Amino acid sequence: MTDVSALPGATISPEELAVWRGLLRAQVRISRHLHQDLLLEHDLALGSYDVLQHLAEQPDGRLRMNDLADRVLLSRSGLTRLVDRLQRDGLVRRETCASDARGLFAVLTMQGRERLHKATATYHQGIREHLLGRLDAAEKNQFMALLHKLSEDDQPVALSA
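So, how was this worked out
- Residues numbered from 1 in each chain as written.
- Predicted model: local features only at pLDDT ≥ 70, side-chain atom pairs only at ≥ 80, totals over all residues.
- Heavy atoms only, no water.
- Phe/Tyr/Trp six-rings, centres within 6.5 Å; stacked < 30°, edge-to-face > 60°.
- Lys NZ or Arg CZ within 6 Å of the ring centre and 35° of its normal.
- pLDDT = per-residue confidence, 0-100.
- Contact = heavy atoms within 4.5 Å.
- Patch = residues over 30% accessible without salt bridge, like charges linked within 9 Å, V, L, I, M, F, W, Y side chains within 5 Å.
- Areas by Shrake-Rupley, 256 points an atom, 1.4 Å probe, with all protein chains shown as cover.
- Salt bridge = Lys/Arg side-chain N within 4 Å of Asp/Glu carboxyl O.
- Helix = DSSP H or I, 4+ residues; strand = E, 2+ residues; numbered from the N terminus.
- Expected span 1.5 Å × (residues − 1).
- Buried < 20%, exposed > 50% of the residue type's maximum accessible area, 1.4 Å probe, protein only.
- Polar contact = N/O pair within 3.5 Å; in protein donor to acceptor, adjacent residues only side chain to side chain.
- Core = buried A, V, L, I, M, F, W, Y, C linked by side-chain atoms within 4.5 Å.

Here we look at the packing of aromatic side chains
Consideration 1: What the rule picks out here adds up to 1 aromatic pair.
Consideration 2: A cation over a ring is seen here: Arg62 above Phe105, with NZ or CZ 5.5 Å from the ring centre.
Consideration 3: A cation sits over an aromatic face here: Arg64 above Phe105, 6.0 Å from the ring centre.

So this is what it looks like as structure tokens:
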């Protein structure tokens, strides 16, 4: 077995690597639980819930596809495929942008709003069960401070397809 901290160019210690891996494992574990809960209860994938939620947060229930992709951390092509599925299910529709013929909006439908509304209790329960309920008040405050510190430069991340 090779100690990665001994490899040429290594800049982090095994302990630091464990912190990174712990963050990734926690995020994946929580996301998998939420995804499974939403699928079982509402036949709605976590990524689909996220798209519907971002659209619902807008006063008119619409976002440009590029802006939506940035918010849900998907590539443009990944979001296009997801919106295709949501449109087939009647949960969103696409509209062209009057000011930019190349621009498209994803728009939340009434059916999408209803599905989101039904799934929200399951989503919130999962967040409570798999994250918030495992932390006391002081830990939540510390966790929020750490997350804020890690996202201070909160620039959109360009993801590949």
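Observations concerning the confidence of the model for the protein chain
When pLDDT drops low, the exact placement of atoms in the prediction is not to be read closely.
Consideration 1: Of the residues in the protein chain, 89% reach a pLDDT of 70 or more, and the chain-wide mean stands at 89.
Consideration 2: When the criterion is pLDDT under 50, residues 157-161 qualifies, and its contacts beyond four places in sequence or with other chains add up to 6 contacts.

Quick notes on a nonpolar patch on the surface
Consideration 1: Nonpolar side chains collect at one region of the surface, where Phe143, Met144, Leu147 and Leu150 lie side by side and expose about 390 Å² of accessible area between them.
Consideration 2: With respect to the secondary-structure elements, Leu147 resides in helix H6 (residues 137-150).

Points about H6
Consideration 1: Helix length check: H6, at 14 residues, gives a terminal C-alpha distance of 20 Å against a target of 20 Å (1.5 Å per residue), a fit within 8%.
Consideration 2: Counting buried positions along H6 yields 0 of 14 residues, so the element is predominantly exposed.
Consideration 3: Among the residues of H6, the N-terminal cap falls to Asp136, whose side-chain oxygen and the backbone nitrogen of Ala138 are separated by 3.1 Å.

A few points about the pattern of salt bridges
Consideration 1: Enumeration over the complete set of coordinates arrives at 5 salt bridges.
Consideration 2: Note that Arg76 is salt-bridged to Asp70, the shortest N-O span being 3.2 Å.
Consideration 3: Given a relative accessible area of 40%, Arg76 falls into the partly exposed group.
Consideration 4: Judged by its relative accessible area of 29%, Asp70 is partly exposed.
Consideration 5: Within the structure, one salt-bridge network assembled from shared partners comprises Asp60, Arg62, Arg93 and Glu95.

Overview of the nonpolar core
Consideration 1: In this structure, Tyr49, Val51, Leu52, Leu55, Leu68 and Leu79 are the most contacted members of the largest nonpolar core, which totals 25 residues.
Consideration 2: Sorting the residues of this core by element identifies helix H1 (14-42), helix H2 (46-56), helix H3 (65-72), helix H4 (76-88), strand S3 (100-108) and helix H5 (110-130) as the ones contributing at least two each.
Consideration 3: Examining the composition of this core, we find that 5 residues originate from one element, H2, more than from any other.

Some thoughts on the environment of Arg32
Consideration 1: Summarising the element assignment, Arg32 is placed in helix H1.
Consideration 2: Of the residues examined, Arg32 reaches a relative accessible area of 61% and is grouped as exposed.
Consideration 3: Sequence spacing of Arg32 and Leu46 is 14 residues, and the spatial spacing of their C-alpha atoms is 8.5 Å.

Side note on the side chain of Ser48
Consideration 1: Mapped onto the elements of the fold, Ser48 is located in helix H2.
Consideration 2: Sequence-distant contacts of Ser48, that is, excluding residues within four places in its chain, are made with Leu82 and Leu86.

Brief notes about the environment of Met65
Consideration 1: Mapped onto the secondary structure, Met65 falls in helix H3.
Consideration 2: Each C-alpha atom, one on Met65 and one on Arg94, is 9.0 Å from the other, the two residues being 29 residues apart in sequence.
Consideration 3: Residues in contact with Met65, not counting those within four places in the same chain, are Leu79, Thr80, Val83, Arg94, Leu104, Phe105 and Ala106.

Structural notes on unusual backbone geometry
Consideration 1: One non-glycine residue, Asp43, adopts positive backbone phi at about 50°.
Consideration 2: The topology assignment puts Asp43 in the loop between H1 and H2.
Consideration 3: When its relative accessible area of 59% is taken as the criterion, Asp43 is described as exposed.
Consideration 4: Even without glycine at this site, Leu73 takes up a positive phi of about 60°.
Consideration 5: By the secondary structure assignment, Leu73 is in the loop between H3 and H4.

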